[in-house]
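# Geometric and topological summary
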Amino acid sequence: MDSILYSVRMRASLDGKHCCGAERIVGRDAVEQVMQELTTRALQRGSAPDNIVVHVDSLANLDILTCKALDVTTVDCSDVMSSRSAAIAVLKCCGVSESAAGHAVECLRKGPAPAGAVMRGAVLMDARTGDRYEDDKERGVRASRFDWTSDALVEIRRILEHAGLTHFRTREALALATKIAGAPGVVAELCWSDDGDYTAGYVASRKTGYVRFPALKDRGDPKGGRVIFLIDRADLGACIEYLRSKPLLITQAGSCRGPMKDPEYLAELSHVLRNSE
Ligand code: COA
Ligand code: AMP
């Protein structure tokens, strides 16, 4: 990758409704090609967008953060209800209270925006009380300006494909979750998509890595979103600033294991956490 890096971001909408978005961080020699790839991606969606915006910003004067990706574990539960219970158990291991974890699941189940709609970004939630901190409950907060380096991208593709995780969403959600897990004050994240065809979701944190559940919702369910849990409200400003604007390159892939059954995984997790206290 050459020295001047650019953030290349694509968003597409139809009748004013967002339908697709993706982003990369690349050297200047790759900017045109990546603009084309992201445009092609917007046009390949089932419903043709009537608006595609590709934004390119130089990152020349900014510090680029680097990190290793979260490790991935797939946890196989018998149904959506047991997946959500296991997700709550994982959140509790990360320091989220039972009531906040339950509240987050209910928010995503009902739709976290007013009147049960989906949000344009994530909920920011107090990990102890379940209070919500976003100023705008339709918009929430979006994490942006992150990508894999080319070497890490090759490696994570190989590792995920070897585990049968071939959907590009897994790789992109893992990158987003890795950025979110590193934010000041963040102890965990819960996510499932609002795409009715995509039932997988996850709990992610620095403590547990990226814990993936193949069915956190039923097929056809259009509700979903992200909840980011903060342990200390004092970190709110720094957290939002980091999520939105600090560029992050993931330089190293993590491991990928599973599927494991939920009782086996939860027993292992509590054992590991007890021994690390
Ligand atoms: N849902 C709904 N609307 C969205 C949206 C989303 N996910 N992302 C962008 N928009 C629309 C909104 O109207 C937004 O205005 P708002 O800030 O008032 O909500 C407008 O586009 C501008 O958004 P912004 O984030 O400033 O645009 P951008 O061009 O800088 O970046 C994205 C757009 C989509 C690339 C970026 O927001 C993003 O989500 N990046 C992460 C993509 C990714 O890897 N996701 C992984 C999913 S598995
Ligand atoms: P997706 O995984 O793209 O289906 O998105 C699921 C939900 O996550 C959306 O409904 C938004 O509420 C939220 N979201 C989308 N993009 C972002 C982002 N960049 N940062 C934080 N939350 C997001």
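Structure's up top.
These notes cover the structure that comes with them. For clarity, every value in this text was computed on a predicted model and none was experimentally measured.

## What about the overall build of the chain?
- A count of helices and strands for the chain gives seven helices and 13 strands.
- By the compact-globule yardstick of 19 Å for 277 residues, the chain fits well, its C-alpha radius of gyration being 18 Å.
- Oriented by its inertia axes, the alpha-carbon framework of the chain measures out at about 50 × 40 × 40 Å.
- Counting the 277 residues in the chain, one finds 49% classified as buried.
- A fraction of 71% describes how many contacts in the chain between residues 6 or more apart in sequence connect residues 24 or more apart.
- In the structure as shown, the chain presents an accessible area of about 13400 Å², 48% of it carried by carbon and sulfur atoms.

## Some remarks on the site of ligand 1
- Not every one of the 15 residues close to ligand 1 is listed here, only the nearest: R9, E23, R120, R139 and R142.
- Between an oxygen atom of ligand 1 and a side-chain N or O atom of R9, the distance comes to 2.6 Å.
- Between R120 and ligand 1, the recorded distance is 2.7 Å, taken from a side-chain N or O atom to an oxygen atom.
- Look at ligand 1: alone it shows 900 Å² of surface, and the protein chains cover 74% of it.
- For the shell around ligand 1, the secondary-structure elements that each account for two or more residues are β1 (5-14), β2 (17-27) and α5 (168-181).
- In terms of residues, the shell around ligand 1 owes the most to one element, β2, which gives four residues.
- Across the shell around ligand 1, the residue classes break down as six nonpolar, two polar and seven charged.

## Focus: the sheet that holds strand β7 (residues 146-148)
- With respect to topology, three strands assemble into an open sheet ordered β4-β12-β7, the strand pairing being parallel. This sheet does not close on itself; its edge strands, each paired only once, are β4 (65-68) and β7. Each strand axis lies, on average, 30 degrees off the axis of its neighbour in the sheet, ignoring direction.
- In the sheet, β4 pairs with strand β12 (residues 248-252) via four bridges, with the strands oriented parallel. Note on β12: the bridge partner recorded for T66 is L249.
- Across the sheet, α5 is in contact with β4, β7 and β12; its angle to β7 comes to roughly 125 degrees.

## Thoughts on the site of ligand 2
- Residues in contact with ligand 2, as listed here, are M119, G121, A122, V141, R142, A143, R169, S193, D194, G225 and R226.
- Take R226: an N or O atom from its side chain is 3.0 Å from an oxygen atom of ligand 2.
- Relative to its free-state accessible area of 480 Å², ligand 2 is covered by the protein chains to the extent of 81%.
- A per-class count over the shell around ligand 2 returns four nonpolar, three polar and four charged.

## Some details on the pattern of salt bridges
- The final tally for this structure, using the stated rule, is 14 salt bridges.
- The partner of E98 in a salt bridge is K92, and the shortest N-O contact between them spans 3.1 Å.
- Using a relative accessible area of 52% as the deciding quantity, one classes E98 as exposed.
- Classification of K92 as partly exposed rests on a relative accessible area of 40%.
- Note that E268 and R257 form a salt bridge whose closest N and O atoms lie 2.6 Å from each other. Here E268 is found in helix α7 (residues 262-276), whereas its partner R257 is found in strand β13 (residues 256-261), with eleven residues between them in sequence.
- Judged by relative accessible area, R257 falls into the partly exposed class, the value being 34%.
- Through salt bridges with shared partners, a single network forms among R9, D57 and R145.

Parameters and conventions
- Residues numbered from 1 in each chain as written.
- Chains lettered and ligands numbered in written order.
- Predicted model: local features only at pLDDT ≥ 70, side-chain atom pairs only at ≥ 80, totals over all residues.
- Heavy atoms only, no water.
- Helix = DSSP H or I, 4+ residues; strand = E, 2+ residues; numbered from the N terminus.
- Rg over C-alpha atoms; globule rule 2.2 N^0.38 Å.
- Buried < 20%, exposed > 50% of the residue type's maximum accessible area, 1.4 Å probe, protein only.
- Contact = heavy atoms within 4.5 Å.
- Areas by Shrake-Rupley, 256 points an atom, 1.4 Å probe, with all protein chains shown as cover.
- Near = heavy atom within 4 Å.
- Polar contact = N/O pair within 3.5 Å; in protein donor to acceptor, adjacent residues only side chain to side chain.
- Nonpolar A, V, L, I, M, F, W, Y, C, P; charged D, E, K, R; others polar.
- Pairing = 2+ DSSP bridges.
- Axes fitted to C-alpha atoms, helices over the stretch in contact; angles between N-to-C directions.
- Salt bridge = Lys/Arg side-chain N within 4 Å of Asp/Glu carboxyl O.

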